[in-house]
Amino acid sequence: MLMNNLDPEVAERPQDLVVYGGTGRAARSWEAFDAIVHELRRLGDDETLLVQSGKPVGVLTTHELAPRVLIANALLVPAWSTWETFRELEAAGLTMYGQMTAGSWIYIGTQGILQGTYETLAALASRHFNGSLAGTITLTGGLGGMGGAQPLAVTMNEGVALCVEVDPERIQRRLGTRYLDRSTADLEEALAWAKRARSEGRPCSIGLLGNCAEVLPALLARGFVPDVVTDQTSAHDPLGGYVPAGLTLEEAAALRREDPATYERRAYASMAAHCDAIVGFAERGAVAFDYGNNLRAGAVAGGLDRERAFSYPGFVPAYIRPLFCEGKGPFRWVALSGDPADIAATDRAVAELFPGDEGLQRWLSLAPERVAFQGLPARICWLGLGERARAGLRFNEMVAAGELRAPIVIGRDHLDAGSVASPYRETEAMRDGSDAIADWPILNALVNTAAGAHWVSVHHGGGVGIGASLHAGMVVVADGTDEAAGRLERVLTTDPAMGVLRHADAGYERAIEAAAAHKLTIPMRER
């Protein structure tokens, strides 16, 4: 899985160990990567490898049911949790940015975020457009490892996507994997294509080469109003990811090297113009939502009034939180055989397990045809408490029976119901005001370690940047053994249960009902 993170079909810049998200790495250096691989190959069944920000620092004797690997990435003492301090320590070779699934070895390319994007847009369509994006245009930015899922998610919801991207290589990559239908560098041509497709009610995704901080204000000035507007540029990283207006990629790279302070200042100013245009579209009737890249906070740093910048909601409180209350979130699996037939078999198994879930059934019918594999064949779907354990145990039975050629790796995005503290994203606008309480991801990692996940990770900053989030991940392997069955049943129960407990604690009735339905013990509610 570590090597799959760096497969050229998966990673954004594998030669630099960068997997996605601007600077999210799989390992701190190639020397550290080689050392990790060396230790994994000789690791005993009662040993645990410790990885500190992408560098292996020790192998300790634990026990057979302990995790084989424990990972911590980019954790800083709170008062030192700034981009400036992080970059100083990174330059000194002492840490690395692990993003979410980059440094936890469970990234599967853009397909990994695709269903979450699909679910978000489906919820939006249900609320605003009678259940479908047909006859609508979604304007957005960013076609990198995360943002690249947007065009396909829009068309899978029957809409038109107009996606602005500053890097022509990223546009070509999305065209090559069929996430994007067509592209142009001509604004007028892109608008004509989008409007024609909208009027015909025809799904279509268009990549427009340009800078969001320039293109969105220009579209607003000419009176164009999209039906939906959002963004997934790398605004979480003002120096390593977001490209300021007025610069070519080459000029941006040079300025980043020669004058990082000026680069960052210009990036924040561009975010202000970018965000202000989104607010402008919302004022004219577009449905606007923040897609978790910290653009709004970056805009405030660039001089935009805070009340204006945050006048439109984040996607979690707007559309996803009801799912989180049920422990529902991203469940992903990877076929270690490398054989697409193993994913086809598991697709059928999941469809058989949950015949009454119409959204899941639609997703499983669309994904084999529309979603190109990147690296090892993989799939993702959103499952809740109870459902994840059933799916994991079924996969384990299939491995044991020889229905699959090799074990199945089961993990998830760190973006999940109970694994993140992120006030600008997953925990924005919590009912009880607990947005910044970071105990929950730590408890999530601890309980998944206790339950016997095969590897567990805790990271800082993924998705929204240093100082803005803590999050945890877990992975468990279905290898057909009884031991694996025990691990799967425990981990795939404790992990989503944390989401239910976290939201029940915050007072969400839907979570309290889910806890009761699943017979979860909540001590303070039993007194």
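First, a word on scope: everything that follows refers to the structure included in this document. Keep in mind that this is a model prediction, so the values were computed, not measured.

1. Overview of the overall build of the protein chain
Part 1 of the reasoning: On a plain count of helices and strands, the protein chain comes out with 19 helices and 17 strands.
Part 2 of the reasoning: Relative to the globule expectation of 24 Å for 527 residues, the C-alpha radius of gyration of the protein chain, 22 Å, shows essentially globular dimensions.
Part 3 of the reasoning: With the C-alpha coordinates of the protein chain rotated into their principal frame, the extents come out at 65 × 55 × 50 Å.
Part 4 of the reasoning: Once local pairs closer than 6 in sequence are excluded, the contacts in the protein chain between residues at least 24 apart make up 71%.
Part 5 of the reasoning: Surface accessibility of the protein chain: about 19,400 Å² in total, with carbon and sulfur atoms responsible for 52%.
Part 6 of the reasoning: The average position of the 48 basic charges and that of the 65 acidic charges among the side chains of the protein chain differ by 2 Å.

2. Some thoughts on the side chain of aspartate 435
Part 1 of the reasoning: Inspection of the secondary structure puts aspartate 435 in the loop between β15 (420-421) and α17 (439-451).
Part 2 of the reasoning: Buried and unpaired, aspartate 435 has no salt bridge, with arginine 502 as the nearest side chain of opposite charge at 6.5 Å.
Part 3 of the reasoning: A polar side-chain atom of aspartate 435 sits 2.7 Å from the main-chain amide nitrogen of alanine 429.
Part 4 of the reasoning: With residues near it in sequence (within four places) discarded, aspartate 435 still touches Ser422, Pro423, Thr427, Glu428, Ala429 and Met430.

3. Brief notes about the pairing of strand β5 (residues 69-73)
Part 1 of the reasoning: Residues Val69, Ile71 and Asn73 of β5 are buried on one face, while the alternating residues Leu70 and Ala72, pointing to the opposite face, are not.
Part 2 of the reasoning: Here four bridges tie strand β3 (residues 47-52) to β5, and the two strands are oriented parallel to one another. Pairing of leucine 49 across the sheet is with valine 69, part of β5.
Part 3 of the reasoning: With five bridges joining them, β5 and strand β16 (residues 455-460) adopt parallel strand pairing. Within β16, the residue paired with isoleucine 71 across the bridge is serine 457.

4. Description of helix α9 (residues 249-258)
Within an α-helix, residues lying three or four positions from one another point in the same direction, as the helix has 3.6 residues per turn.
Part 1 of the reasoning: All of the buried residues along α9 are Ala252, Ala254 and Leu255. End-on, the buried residues of α9 take up no more than an arc of 165°, which puts them together on one face. Those residues of α9 that are exposed and aimed more than 90 degrees away from the buried face are Glu250 and Arg257.
Part 2 of the reasoning: Where α9 is buried, its residues touch α10 (260-283).

5. Points about the pairing of strand β17 (residues 470-478)
Part 1 of the reasoning: Burial analysis of β17 places eight of its nine residues in the buried class, which makes it a mostly covered element.
Part 2 of the reasoning: With two bridges joining them, β15 and β17 adopt antiparallel strand pairing. Bridged to valine 420 within β17 is histidine 471.
Part 3 of the reasoning: Summarising the sheet, β16 and β17 pair through six bridges and their orientation is antiparallel. From the neighbouring strand, serine 457 faces β17, where its bridge partner is glycine 473.

6. Focus: a nonpolar patch on the surface
Part 1 of the reasoning: A surface patch of nonpolar side chains, about 260 Å² in accessible area, is lined by Ile442, Leu443 and Leu446.
Part 2 of the reasoning: Along the polypeptide, isoleucine 442 turns up in helix α17.

7. Observations concerning the pattern of salt bridges
Part 1 of the reasoning: Across all of its chains, the model carries 26 salt bridges by this definition.
Part 2 of the reasoning: Note that glutamate 12 is salt-bridged to arginine 170, the shortest N-O span being 3.5 Å. Here glutamate 12, found in the loop between α1 (2-5) and β1 (18-20), pairs with arginine 170, found in helix α6 (residues 168-176); they are 158 residues apart in sequence, far enough to count as distant.
Part 3 of the reasoning: Owing to a relative accessible area of 23%, arginine 170 belongs among the partly exposed residues under this scheme.
Part 4 of the reasoning: Between glutamate 283 and arginine 308 there is a salt bridge, with its nearest N and O atoms 2.7 Å apart. Pair noted here: glutamate 283 is in helix α10 and arginine 308 is in helix α12 (residues 306-309), with a separation of 25 residues, a long-range link.
Part 5 of the reasoning: Residue classification places arginine 308 among the partly exposed residues on the basis of a relative accessible area of 26%.
Part 6 of the reasoning: Several salt bridges share partner residues, and in doing so they unite Glu12, Arg170, Arg173 and Arg174 into one network.

8. Some words on the state of the cysteines
Part 1 of the reasoning: This model, assessed by the stated rule, comprises zero disulfides.
Part 2 of the reasoning: A disulfide-free cysteine, cysteine 212 has its sulfur positioned 9.4 Å from the sulfur of cysteine 163, the nearest such atom.
Part 3 of the reasoning: Residue classification places cysteine 212 among the buried positions, given a relative accessible area of 4%.

9. Here's the deal with the side chain of arginine 388
Part 1 of the reasoning: With respect to the helices, strands and loops of the structure, arginine 388 is situated in helix α16 (residues 387-400).
Part 2 of the reasoning: Within the local environment of arginine 388, its side chain forms a polar contact with the backbone oxygen of glycine 327, the two atoms lying 3.0 Å apart.
Part 3 of the reasoning: The residues touching arginine 388, leaving out its near neighbours within four places in the chain, are Gly327, Lys328, Gly329, Pro330, Phe331, Leu383, Arg412, Asp416, Leu492, Asp495 and Pro496.

10. So, the packing of aromatic side chains
Part 1 of the reasoning: The tally for this structure, following the rule as stated, stands at 15 aromatic pairs.
Part 2 of the reasoning: Where tyrosine 118 meets tryptophan 363, the ring centres are 5.2 Å apart and the plane angle is 45°; that geometry is what we call tilted. Highlighted residues: tyrosine 118 in helix α4 (residues 111-128) and tryptophan 363 in helix α15 (residues 358-370), separated in sequence by 245 residues. Comparing tyrosine 118 with tryptophan 363 shows no difference in burial state: the two are buried.
Part 3 of the reasoning: Judged by centre distance (6.3 Å) and plane angle (10°), the ring pair of phenylalanine 324 and tryptophan 382 falls under stacked. Residue phenylalanine 324 is found in helix α13 (residues 315-324), and its partner tryptophan 382 is found in strand β13 (residues 378-383); the two are separated by 58 residues along the sequence.
Part 4 of the reasoning: Overall, tryptophan 382 belongs to the buried group, its relative accessible area being 5%.
Part 5 of the reasoning: Here a set of aromatic residues connected by ring pairs shows up, and it is made of Phe289, Tyr291, Phe315 and Tyr319.
Part 6 of the reasoning: Note that arginine 182 overlies the ring of tryptophan 193, its terminal NZ or CZ placed 3.6 Å from the centroid.

11. Observations regarding the environment of alanine 515
Part 1 of the reasoning: Tracing the chain through its elements places alanine 515 in helix α19 (residues 509-517).
Part 2 of the reasoning: Distance in space between the C-alpha atoms of alanine 515 and alanine 497 is 8.1 Å, their sequence separation being 18 residues.
Part 3 of the reasoning: Excluding its chain neighbours within four sequence positions, the residues that come into contact with alanine 515 are Val500, Leu520 and Ile522.

How each quantity is defined
- Residues numbered from 1 in each chain as written.
- Predicted model: local features only at pLDDT ≥ 70, side-chain atom pairs only at ≥ 80, totals over all residues.
- Heavy atoms only, no water.
- Helix = DSSP H or I, 4+ residues; strand = E, 2+ residues; numbered from the N terminus.
- Rg over C-alpha atoms; globule rule 2.2 N^0.38 Å.
- Contact = heavy atoms within 4.5 Å.
- Areas by Shrake-Rupley, 256 points an atom, 1.4 Å probe, with all protein chains shown as cover.
- Lys, Arg positive; Asp, Glu negative; His and termini not counted.
- Charge placed at Lys NZ, Arg CZ, Asp CG, Glu CD.
- Buried < 20%, exposed > 50% of the residue type's maximum accessible area, 1.4 Å probe, protein only.
- Salt bridge = Lys/Arg side-chain N within 4 Å of Asp/Glu carboxyl O.
- Polar contact = N/O pair within 3.5 Å; in protein donor to acceptor, adjacent residues only side chain to side chain.
- Pairing = 2+ DSSP bridges.
- Arc of directions from axis to C-beta.
- Patch = residues over 30% accessible without salt bridge, like charges linked within 9 Å, V, L, I, M, F, W, Y side chains within 5 Å.
- Disulfide = S-S within 2.5 Å.
- Phe/Tyr/Trp six-rings, centres within 6.5 Å; stacked < 30°, edge-to-face > 60°.
- Lys NZ or Arg CZ within 6 Å of the ring centre and 35° of its normal.

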